[in-house]
Amino acid sequence: LVLLGDTGSVLRPAILWNDQRTATECDEIRSRLGGLTALVAETGNDALTGFTAPKLLWVRKNEPEVYQRIQHILLPKDYVRLMLTDQYAMDMADGSGTLLMNVSKRCWSELVCGALEIPSSWLPPLYEGTQVTGSLTATAAALTGLRVGTPVVAGGGDQAAGAVGVGAVNPGVVSLSLGTSGVVFASTNQPFLDPQGRVHSFCHCVPNTWHLMGVMLSAAGSLRWWRDTLRGGANLAGNGQRHVEPLLSYEALSSEAAAIAPGAEGLLFLPYLTGERTPHPDPLARGAFVGLTVRHGLPHMTRAVLEGVAFGLRDSLTLMMAAGLPAPSQVRISGGGARSAVWRQILADVLQSELVTVNTNESVAFGAALLSAVGIGLWPNVPTACVATIHVTGVVKPSDNSDLYTQRYQLYGQLYPALRSVFERLR
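Residues numbered from 1 in each chain as written. Predicted model: local features only at pLDDT ≥ 70, side-chain atom pairs only at ≥ 80, totals over all residues. Heavy atoms only, no water.

1. A look at empty space enclosed by the protein
- Evaluation of the coordinates by the stated rule reveals one cavity of 30 Å³ or more.
- Volume-wise, the largest cavity comes out at about 30 Å³.
- Looking at the largest cavity, the residues that line it are Leu267, Leu268, Phe269, Ala304, Glu307, Gly308 and Phe311.
- For the lining of the largest cavity, the secondary-structure elements that each account for two or more residues are strand S15 (268–270) and helix H12 (298–322).
- For the lining of the largest cavity, the element with the highest residue contribution is H12, accounting for four residues.
- Taken together, the residues that form the lining of the largest cavity break down as five nonpolar, one polar and one charged. (1 Å grid on protein atoms, 1.4 Å probe; cavity = no way out; pocket = protein on both sides within 12 Å on 5 of 7 lines; lining within 4 Å. Points joined across faces, edges and corners; volume = space filled by probe spheres on them. Helix = DSSP H or I, 4+ residues; strand = E, 2+ residues; numbered from the N terminus. Nonpolar A, V, L, I, M, F, W, Y, C, P; charged D, E, K, R; others polar.)

Spelled out as C-alpha cells, the structure:
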C-alpha cells in the first residue's frame, strides 16, 4: 500500500505485502461484503493480510490523520511509474491483488469500494500488461540517463511477469516457481474461482486472460532450513569445545536423497515452517516430521523434505483442477530448487505431469521485457514473443513411482487436519 496526497506526495511509509497486521480488517471485509462466498464471487479471492484493501482499512482505523489526506492509492512499482511518467496507472494483474477489483470483469469493483467506503477517485486507471501507460519525462530522463519520451508499459506483478518469462501463457502450461516460497501458476482463457478462496484468481498481465495461483510459504526455504539448521553450524566437540562444521552443499544433499527409495521408508514432512497460505491460510501452521523410526537417517529426512514440498505444491494444483482447470500438459519450473535433478523427478512424479526447464533464468525481468516489446510492436502478442525467445532445455517425465506418491499424498493430506488443534495450542 502506497498512499499519496493531492500533489503525489507520500503520506506514510509503504505497508508491504508480507505485513500481517490486518487479520481483523480481513474479517471486517468479509462481513461488509456479506460473507466469504459473496466476497469471492465479486473479487475472485478471500480477504488475506497480504492484499491492499485490508491495509487501507487499518490506516483508516489507526492513522485517521493520514487517511483524511489520501488522494491516490498505488502499488510500489506504480509509484516508480509515476516518477517516470507523471501518470497514475496500474496493471490488471497487480490490481487483482488489491482486493478492490472485479477480476471477472477486469475493472475496479463499485460494490467493494462502496461496501468499504473507499472513494473510487483514489484508484488509478487500469491497463492490460502490454499497454503503454505513459512516456519518460525530461526530469526522469535527466535522473536515469534514459531517453526523453521512452514508452513505459503497464507490466505485471512478479508471478504474472515470471509466467511470461518462462512461456507459461497458454492454457495447459503451468508455471512452477521453486524459490524460498513455492508458486503454482496456471494461465486460463476465462476466470475460474475456488469458492473458498484457497487459490488466488487474478487477471493475467497477458491481455484478456486470467490465472489461478497457489502459494506455499516454505518451499526451497524448507530445504535451506534443513541444511542450515540440522546439517551444519555450531556443534560440541569431544573436548567440550564448540566448533563449526561446514555446511553441506545442496548438490550433496540431493545426492544423499537420490540414494533413498521413493517414500523415504514411510517418513513424511509437513513444510509449514512459516505458517501457510495455500491450501491452509493459517499463520499458526507448523512443520513436522511424521513417521520417524530408528531406521531413518539424515538422508531419509532430506528425501522427506523434498517430497513434502512436492506434496504441498500438489495441493495448489489439486485445488485449481477442482475449480475447473484442466490437468496440465506441462509444468515449467524455475527458481533455485529447479537445479536439483532428484527434486525435479519427485515433482514430475507427484504432479503427474511432464516437467521442463527453459533457457530463461531471470524469468520475472525477462517477462517484463517481453511485455514491453509487445507493447511497442516488436511482436504482435505475448504468445508469439514467448515462442520466439523461450525454448525448452530439459524434460523430466513422470516415472513408475507416481502411484506410490499418490498414496503418500493421501496420507500427507491427513496431517494438517490432525495437527491443527495442536498447532493452535502451541502458539
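Here the narrative resumes.
2. Quick word on the sheet that holds strand S19 (residues 392–396)
- If you trace the seven strands from one edge of the open sheet to the other, you get S11-S12-S10-S9-S17-S18-S19, paired in mixed fashion. Edge strands, defined here as strands with exactly one partner in the open sheet, are strand S11 (200–203) and S19. Each strand axis lies, on average, 25 degrees off the axis of its neighbour in the sheet, ignoring direction.
- In this structure, strand S9 (residues 173–178) lies alongside strand S17 (residues 330–334), joined through five bridges in parallel fashion. Within S17, the residue paired with Ser175 across the bridge is Arg332.
- The sheet contacts of helix H9 (residues 158–165) involve S9, strand S10 (182–188) and strand S12 (210–216), and relative to S10 the element is tilted by about 70 degrees. (Pairing = 2+ DSSP bridges. Axes fitted to C-alpha atoms, helices over the stretch in contact; angles between N-to-C directions. Contact = heavy atoms within 4.5 Å.)

3. Regarding the packing of aromatic side chains
- On inspection of all chains with the given rule, the structure shows 12 aromatic pairs.
- With 6.0 Å between their ring centres and 75 degrees between their planes, Tyr272 and Tyr416 make a pair best called edge-to-face. Separated by 144 residues along the polypeptide, Tyr272 in the loop between S15 and strand S16 (288–290) and Tyr416 in helix H17 (residues 415–425) bring together distant segments of the chain. One exposure class covers both Tyr272 and Tyr416, and it is buried.
- A network of ring pairs unites the aromatic residues Trp225, Trp226, Phe269 and Phe289 as a single cluster.
- If you follow Arg106 out to its NZ or CZ, it ends over the ring of Trp210, 4.8 Å from the centre. (Phe/Tyr/Trp six-rings, centres within 6.5 Å; stacked < 30°, edge-to-face > 60°. Buried < 20%, exposed > 50% of the residue type's maximum accessible area, 1.4 Å probe, protein only. Lys NZ or Arg CZ within 6 Å of the ring centre and 35° of its normal.)

4. What to know about the environment of Leu319
- Along the chain, Leu319 turns up in helix H12.
- Leu319 sits in the buried class, given a relative accessible area of 10%.
- Between the C-alpha atom of Leu319 and that of Gly134, which follows or precedes it by 185 residues, the distance is 38 Å.
- Setting aside residues no more than four positions away along its own chain, Leu319 makes contact with Arg198, Val199, Thr278 and Pro279.

5. Notes on the environment of Leu36
- Here Leu36 is to be found in helix H2 (residues 36–43).
- A relative accessible area of 29% places Leu36 in the partly exposed class.
- Separated by 11 residues in sequence, Leu36 and Ala47 have C-alpha atoms that sit 8.3 Å apart.
- Dropping the residues within four chain positions of it, Leu36 is found in contact with Asp46, Pro195 and Gln196.

6. Points about the pattern of salt bridges
- Going through the model one piece at a time under the given rule, you end up with 20 salt bridges.
- Taking the shortest distance from any N to any O, the salt bridge between Asp91 and Lys77 comes out at 2.6 Å. Linking Asp91 in strand S3 (residues 90–91) with Lys77 in helix H5 (residues 76–85), this pair joins segments that are 14 residues apart in sequence.
- Among the ionic pairs, Lys77 bridges to Asp94, the shortest N-O distance being 3.0 Å. With Lys77 in helix H5 and Asp94 in helix H6 (residues 92–96), this pair connects stretches of sequence that are 17 residues apart.
- For Lys77, a relative accessible area of 28% puts it in the partly exposed group. (Salt bridge = Lys/Arg side-chain N within 4 Å of Asp/Glu carboxyl O.)

7. Brief notes about the nonpolar core
- Ranked by internal contacts, the top residues of the largest apolar core, which has 60 residues, are Leu3, Ile29, Leu56, Leu116 and Val164.
- Per element, the largest residue contribution to this core is five residues, and it comes from helix H3 (residues 52–62).
- Not counting the four nearest positions on each side in its chain, Leu116 is found in contact with Ile29, Arg32, Leu33, Ala53, Leu57, Arg60 and Leu100.
- Grouped together as the second largest cluster of nonpolar side chains are 54 residues, Met301, Val309, Val350 and Phe423 included. (Core = buried A, V, L, I, M, F, W, Y, C linked by side-chain atoms within 4.5 Å.)

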